[in-house]
Structure formats: C-alpha cells, structure tokens
Amino acid sequence: MPILAQAREKNGTVLKLTRKDICAALQVPEHRIRAWMGRLPFKVQSTAARKARIFDVTDLVLLAIAQTLEDKYHLSGDGLDNILPALNIFLRQPQRSTGMLFINIQNWNIEIATPEICQESGIWIDIVPDQDRVACYLGLTPEQTELALGPLPMNRAKG
C-alpha cells in the first residue's frame, strides 16, 4: 500500500506537519526548507503572518523527492520549478502504487514507468527510497507477514 494511503488510514485524518517536523524528517537545516518554499508549488500557497505553515504527508514526500533531485542528481533552478508542480499533482492523485516514475521533459507530464515509454526522452526516478524514508519517520513500517520461527541461539549465564 502506498505511503500516502497508509498515512491517511492510520488514524482516519490527514497528518499535519510543521517546518520543524520537515527538518527532522529530512535531516536538513531550516534555510533549505525556506528555499524550497520559494519554489512552485509552495510559493503560490497562501500564508499568514505569525501563523506557521502546515504541511501534509504528500508535501513531505514531495520535499524528500526534491532533496534527492538536488543532492543526487544536482537538479536545481528551472528544472525543479518544472518538475515539482507536476510531481505534486501526480502524488495527490489516487494511485495503486508508485515506484519508478517517468518525467517527460517535453511537456513535464509524470506517469508510472512502463516499457512502452522507454523511447521517449525524459527522466526516470525511483521514488521508493524517499517514500520509505518518510514512512520510517512517520512510524509506518510494512506489516510483518512471516515470523522467523525456529531455534534461536541463547546465552546462558553460568552460576
């Protein structure tokens, strides 16, 4: 089950996160969060003076992906400004599962990667590590399906 659905099902409500939560989850300094807030889709969201900005789990996943795009792929500037809004729209749609995504650089459409789209030019990105990182921070671990039963080594105290 995708992390976004898990987070919503956990208690039936949408989880609300603060800037401090985002910093802790992604292990980034606050100035980096401020820089991301100057990019689309965040810069068009309304904010009020003396009122903390509230983030949801989708925002956290989006920022985790943005961090990966910057740190691992050295993407910045216009590249992020084109990709992040499209990713935001994609992540907020109901989905069966996500993993490898294909970002079409001609029109900035994002879709789940399939063999049919291999001929188009674009960017392939695996968002599972970012989703797993967010799930770990939120305490959403996969259900255990099998128990390791059998003999286990035991240390016995001599006495």
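Everything that follows concerns the structure shown earlier in this document.
What counts and how
- Residues numbered from 1 in each chain as written.
- Predicted model: local features only at pLDDT ≥ 70, side-chain atom pairs only at ≥ 80, totals over all residues.
- Heavy atoms only, no water.
- Salt bridge = Lys/Arg side-chain N within 4 Å of Asp/Glu carboxyl O.
- Helix = DSSP H or I, 4+ residues; strand = E, 2+ residues; numbered from the N terminus.
- Buried < 20%, exposed > 50% of the residue type's maximum accessible area, 1.4 Å probe, protein only.
- Pairing = 2+ DSSP bridges.
- Axes fitted to C-alpha atoms, helices over the stretch in contact; angles between N-to-C directions.
- Contact = heavy atoms within 4.5 Å.
- Expected span 1.5 Å × (residues − 1).
- Polar contact = N/O pair within 3.5 Å; in protein donor to acceptor, adjacent residues only side chain to side chain.

Observations concerning the pattern of salt bridges
In the structure shown here, the tally under the stated rule is seven salt bridges. Here Arg39 and Asp81 are joined by a salt bridge, their closest N and O atoms 3.1 Å apart. You can see Arg39 sitting in the loop between α3 (30-37) and α4 (57-71) and its partner Asp81 sitting in helix α5 (residues 78-91), a full 42 residues away along the chain. Using a relative accessible area of 24% as the deciding quantity, one classes Asp81 as partly exposed.

So, the sheet that holds strand β1 (residues 100-104)
Taken in spatial order, the three strands line up as β2-β1-β3 in an open sheet, and their pairing is antiparallel. Looking at the sheet topology across the chains shown, the edges are occupied by β2 (110-112) and β3 (122-126). Strand after strand, the sheet turns through a mean of 25° between neighbouring axes, direction not considered. Strands in contact with α5 are β1, β2 and β3; relative to β2, the strand with the most contacts, it is inclined by about 45°.

Some words on α4
Taking 1.5 Å of rise per residue, 15 residues should cover 21 Å, and α4 covers 21 Å from first to last C-alpha, within 8% of that figure. Among the 15 residues of α4, 14 are classified as buried, and the element is accordingly described as predominantly covered. Sitting at the amino-terminal end of α4 is Asp56, which places a side-chain oxygen 3.2 Å from the backbone nitrogen of Thr58.

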